Amino acid sequence: QARSLFATDGLKAFDAALRSLEAMWDHNETLGQAKVQDADAAYDTAKLTLAGLGVLALALGVLSALLIARSVTRPLTQAQVAVGRLAEGDLTVTLNAEGSDEIAQLIQAVSHMKDNLTRTVTHMRQNAETVASVSEQIAHGNLDMSQRTEEQASALEETSASMEELGSTARQNADNVIRAPAAVWALVL
């Protein structure tokens, strides 16, 4: 009866538990891959946005340089140099506007653009770092889940081995019970 129970209900329960673990593993792996893809997509979007802002800054710098070159000489030359540095990506440039003419207003506008661009680049960098951090956390979570699943599978294997030992012990006991009356009769006779 123990062998029958082990061969039917025990194996069915073990198979059901193993299928459940495999389904959980597949589900976790699918979720992990989806999160990694989401993080990659967010990172790509951040890179494209930052590149677009760089192109926009370059275009605005070139336009400002053309307008300034047509108007005045000395303050315009200084502004042209500053805008050129911004177009190259140097966000540390300092723009000083003296007076209230069109050139001064232009220099003030470029300075404001530089400040906004600096804030935007800083924000994009922080977003990219956040995406990278979240991706790392997801990968770590997937690794932890994988380890726990492996530990559960190992525990199920140990349980199966224990059930086999129990079945073997039950068979031995049954054999001993069958042999016991013959041994008792041999002693009595």
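Up top is the structure these notes are about.
These remarks concern the structure in this document. No experiment lies behind these values; they were computed from the predicted model shown.

### What to know about the overall build of the protein
Looking only at helices and strands, one finds three helices and zero strands in the protein. For the protein, the N- to C-terminal ordering of α and β elements is α-α-α. Relative to its length of 189 residues, the protein is extended, with a C-alpha radius of gyration of 38 Å against a globular reference of 16 Å. The C-alpha extent of the protein, read off along each of the three principal axes, is 135 × 20 × 20 Å. Sorting the 189 residues of the protein into buried and exposed places 17% on the buried side.

### Some thoughts on the nonpolar core
Ile68, Leu76, Ala79, Ala82, Val83, Leu86, Val93, Leu95, Ile103, Ile107 and Val110 together form the largest nonpolar core, which totals 11 residues. Elements supplying a minimum of two residues to this core: helix 2 (74-87) and helix 3 (102-188). When residues of this core are assigned to their parent elements, the largest contribution, five residues, is made by helix 2. Among all residues touching Val83, those that are not within four sequence positions of it are Gly61, Val62, Ser64 and Val110.

### Some points on a nonpolar patch on the surface
Among the surface-exposed residues, Leu56, Leu60, Leu63 and Leu67 lie close enough to one another that they form a single nonpolar patch of about 340 Å² accessible area. Topologically, Leu60 is positioned in helix 1 (residues 2-71).

### Details of the environment of Gln126
One can find Gln126 in helix 3. Along the primary structure Gln126 and Gly61 are separated by 65 residues, whereas in three dimensions their C-alpha atoms are 25 Å apart.

### Observations concerning the layout of surface pockets
A water-sized probe, rolled over the atoms, reveals where empty space remains. Its volume calculated, the largest pocket comes out at about 330 Å³. If you go around the largest pocket, you meet 17 residues; those closest to its centre are Pro75, Gln78, Asn96, Glu98 and Ile107. Looking at the lining of the largest pocket, the elements that each hand over two or more residues are helix 2 and helix 3. A total of seven residues in the lining of the largest pocket trace back to one element, the largest contributor, which is helix 2. Considering only residue class, the lining of the largest pocket consists of 10 nonpolar, three polar and four charged.

Here is what the cut-offs are and how they apply
- Residues numbered from 1 in each chain as written.
- Predicted model: local features only at pLDDT ≥ 70, side-chain atom pairs only at ≥ 80, totals over all residues.
- Heavy atoms only, no water.
- Helix = DSSP H or I, 4+ residues; strand = E, 2+ residues; numbered from the N terminus.
- Rg over C-alpha atoms; globule rule 2.2 N^0.38 Å.
- Buried < 20%, exposed > 50% of the residue type's maximum accessible area, 1.4 Å probe, protein only.
- Core = buried A, V, L, I, M, F, W, Y, C linked by side-chain atoms within 4.5 Å.
- Contact = heavy atoms within 4.5 Å.
- Patch = residues over 30% accessible without salt bridge, like charges linked within 9 Å, V, L, I, M, F, W, Y side chains within 5 Å.
- Areas by Shrake-Rupley, 256 points an atom, 1.4 Å probe, with all protein chains shown as cover.
- Salt bridge = Lys/Arg side-chain N within 4 Å of Asp/Glu carboxyl O.
- 1 Å grid on protein atoms, 1.4 Å probe; cavity = no way out; pocket = protein on both sides within 12 Å on 5 of 7 lines; lining within 4 Å.
- Points joined across faces, edges and corners; volume = space filled by probe spheres on them.
- Nonpolar A, V, L, I, M, F, W, Y, C, P; charged D, E, K, R; others polar.

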